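A closer look at the structure
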Amino acid sequence: MALNENISKNDYEEPRCLLDMHPECHPIPMDRVIDRLDSYFNHKKYSAAEQHLRYWLTEAESCRDMRGKLAVLNEQIGLYRKLGKEEECLQAISDALTLAETMNIDNTVTYATTLINAATGYKAFGKADKALPLYDKAQTIYESDLRPDDSRLGGLYNNMALTVMELGDFSRAENMFYQALEVMKRIHNSEAEQAITWCNLADLIEKRSDACNVETDKMIAECMEKAMDLLDSKNLKRDGYYAFVCDKCSSAFGYHGYFMYDKELKRRAEEIYERT
């Protein structure tokens, strides 16, 4: 990953209004913050993304915008997780959880989302035992407050299943993967997310098998074929997110011996990155 792009402050700062004498009265523009962040991700400008979030974290603090600060911290958790920066990710998790506890947002979707982001960060750095209690708490809130066809619920089940699988509870993990699929099947254009879950199920099938056998190979093959069929869907927009999913799934195909699919998905991702 390229982390030394030449960028200026204009790449991540927003112009201030010189007539605005009370910036502390205004929340930071989170929609624009996220749009710019997505642009950096699509162009693999990760150093710019880091500086962008650090800048807006400072702005949120100076404006006393605690909701904005929490939103930026959540984005930092995801970024540092992707970059493999454990120390920075764990610090962002600690800051986010501490802030959330002071904001009187218990039992809200916002709080649950912060718990999920923190748990996913913990899991990424080998701390599944710390992640699971956060996922459990978030599950209670999400199932109470969200519709059964909400994509956030599907994402929770999928990520939670990965943590449960790492802790060795394969039966619960399988049930949660299928719960994720049931949610995502109700959502239009969710083929990419379903493909990721089928790849995860293939990994689960291998992990719970004592040894390679014909039945295990058959079940893994079914998962991989379903995943590839979903990634071939004409409904999916070939954008930066699709490229990310192709990259993510390609390693699973290669690991399970589907080298042609692995190569094809990497080609698709690279083509999109070059175009953007």
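With that settled, the discussion passes to the nonpolar core. The nonpolar side chains of a soluble globular protein tend to be buried, and buried together. Residues Leu231, Cys249 and Phe253 are the most contacted members of the largest nonpolar core, which totals 89 residues. Among the elements that make up this core, the one with the highest residue count is helix α9 (residues 191–208) (9 residues). Those residues within four positions of leucine 231 in sequence are excluded, and the remaining contacts are Ala192, Ala195, Leu236, Arg238, Tyr242, Val245, Cys249, Phe253, Leu265 and Arg268.

Here we come to the confidence of the model for the chain. Looking at the chain, the pLDDT average stands at 91 and 91% of residues meet or exceed 70. Contacts of residues 1–6 to residues separated by more than four positions or lying in other chains number 16 contacts, the stretch itself having pLDDT below 50. Between residues 15–25, whose pLDDT stays under 50, and residues either more than four places distant or in other chains, the model counts 6 contacts.

A few words now on the packing of aromatic side chains. Using the criterion set out here, one finds 7 aromatic pairs in the structure. Between phenylalanine 253 and tyrosine 261 the ring centres are 5.5 Å apart and the planes differ by 85°, which places this aromatic pair in the edge-to-face class. Judged by relative accessible area, tyrosine 261 falls into the partly exposed class, the value being 26%. The positively charged end of lysine 82 is found above the aromatic ring belonging to phenylalanine 41, 4.4 Å away from the centroid. When the ring centre of phenylalanine 244 is taken as reference, the NZ or CZ atom of lysine 82 above it lies at 5.2 Å.

Packing of helix α1 (residues 30–42) against helix α3 (residues 66–83) leaves a shortest axis separation of 11 Å and a crossing angle of 10°. Looking at the two axes, α1 sits roughly parallel to α3. Residues Met30, Ile34, Leu37 and Phe41 of α1 form the contact with α3, whose own contacting residues are Gly68, Ala71, Val72, Glu75, Leu79 and Lys82. Split into classes, the residues belonging to the contact of α1 with α3 amount to 7 nonpolar, 1 polar and 2 charged.

Our next topic: helix α6 (residues 128–145). With 18 residues, α6 extends 25 Å from end C-alpha to end C-alpha; this agrees with the ideal 26 Å at 1.5 Å per step. Those residues of α6 that fall on the buried side of the exposure criterion are Ala128, Ala131, Leu132, Leu134, Tyr135, Ala138, Gln139, Ile141 and Tyr142.

Turning next to the pattern of salt bridges. Tallied over the full model, the rule gives 14 salt bridges. The closest approach of N and O atoms between arginine 172 and aspartate 136, which form a salt bridge, is 3.1 Å. On the criterion of sequence distance, the pair formed by arginine 172 in helix α8 (residues 170–185) and aspartate 136 in helix α6 is long-range, its members being 36 residues apart. Using a relative accessible area of 29% as the deciding quantity, one classes arginine 172 as partly exposed.

Time to look at the packing of α9 against helix α10 (residues 214–231). Viewed as axis vectors pointing N to C, α9 and α10 meet at an angle of 165°, and their least axial separation amounts to 8 Å. In terms of orientation, α9 and α10 fall into the roughly antiparallel class. Here α9 and α10 pass one another in a crossing that is left-handed. Of the residues in α10, those touching α9 at Glu191, Ala192, Gln194, Ala195, Trp198, Cys199, Leu201, Ala202, Ile205, Glu206 and Arg208 are Thr216, Met219, Ile220, Cys223, Met224, Lys226, Ala227, Leu230 and Leu231. By residue class, the composition of the contact of α9 with α10 is 14 nonpolar, 2 polar and 4 charged.

Let's shift gears to unusual backbone geometry. Backbone geometry at asparagine 107 places phi at a positive 65°, although glycine is not the residue there. When you line up the elements, asparagine 107 lands in the loop between α4 (86–102) and α5 (109–124). Within the chain, asparagine 189 stands out as a residue other than glycine whose phi angle is a positive 60°. By the secondary structure assignment, asparagine 189 is in the loop between α8 and α9.

Checked against the element boundaries, leucine 156 lands in helix α7 (residues 151–166). The class for leucine 156 is buried, based on a relative accessible area of 1%. In this structure, the C-alpha to C-alpha distance between leucine 156 and histidine 256, residues 100 residues apart in sequence, is 25 Å. Once residues lying within four places of it in the same chain are set aside, the contact partners of leucine 156 are Ile116, Tyr135, Ala138, Gln139 and Tyr142.

Another point: α7. For α7, built from 16 residues, the straight-helix expectation of 22 Å at 1.5 Å per residue is met to within 8% by its first-to-last C-alpha distance of 23 Å. Of all the positions in α7, only Leu153, Gly154, Leu156, Tyr157, Asn158, Met160, Ala161, Leu162, Thr163, Val164 and Met165 are classed as buried. Buried residues belonging to α7 abut α5, α6, α8 and α9. Two or three places before arginine 152, at the opening of α7, aspartate 150 has a side-chain oxygen 2.8 Å from that residue's backbone nitrogen. After α7 finishes, the residue glycine 168 shows a positive phi value of roughly 95°.

What counts and what doesn't
Residues numbered from 1 in each chain as written. Predicted model: local features only at pLDDT ≥ 70, side-chain atom pairs only at ≥ 80, totals over all residues. Heavy atoms only, no water. Core = buried A, V, L, I, M, F, W, Y, C linked by side-chain atoms within 4.5 Å. Buried < 20%, exposed > 50% of the residue type's maximum accessible area, 1.4 Å probe, protein only. Helix = DSSP H or I, 4+ residues; strand = E, 2+ residues; numbered from the N terminus. Contact = heavy atoms within 4.5 Å. pLDDT = per-residue confidence, 0-100. Phe/Tyr/Trp six-rings, centres within 6.5 Å; stacked < 30°, edge-to-face > 60°. Lys NZ or Arg CZ within 6 Å of the ring centre and 35° of its normal. Axes fitted to C-alpha atoms, helices over the stretch in contact; angles between N-to-C directions. Parallel < 35°, antiparallel > 145°, perpendicular 65-115°, else oblique. Nonpolar A, V, L, I, M, F, W, Y, C, P; charged D, E, K, R; others polar. Expected span 1.5 Å × (residues − 1). Salt bridge = Lys/Arg side-chain N within 4 Å of Asp/Glu carboxyl O. Left-handed = near helix turned anticlockwise from the far one by under 90°. Polar contact = N/O pair within 3.5 Å; in protein donor to acceptor, adjacent residues only side chain to side chain.

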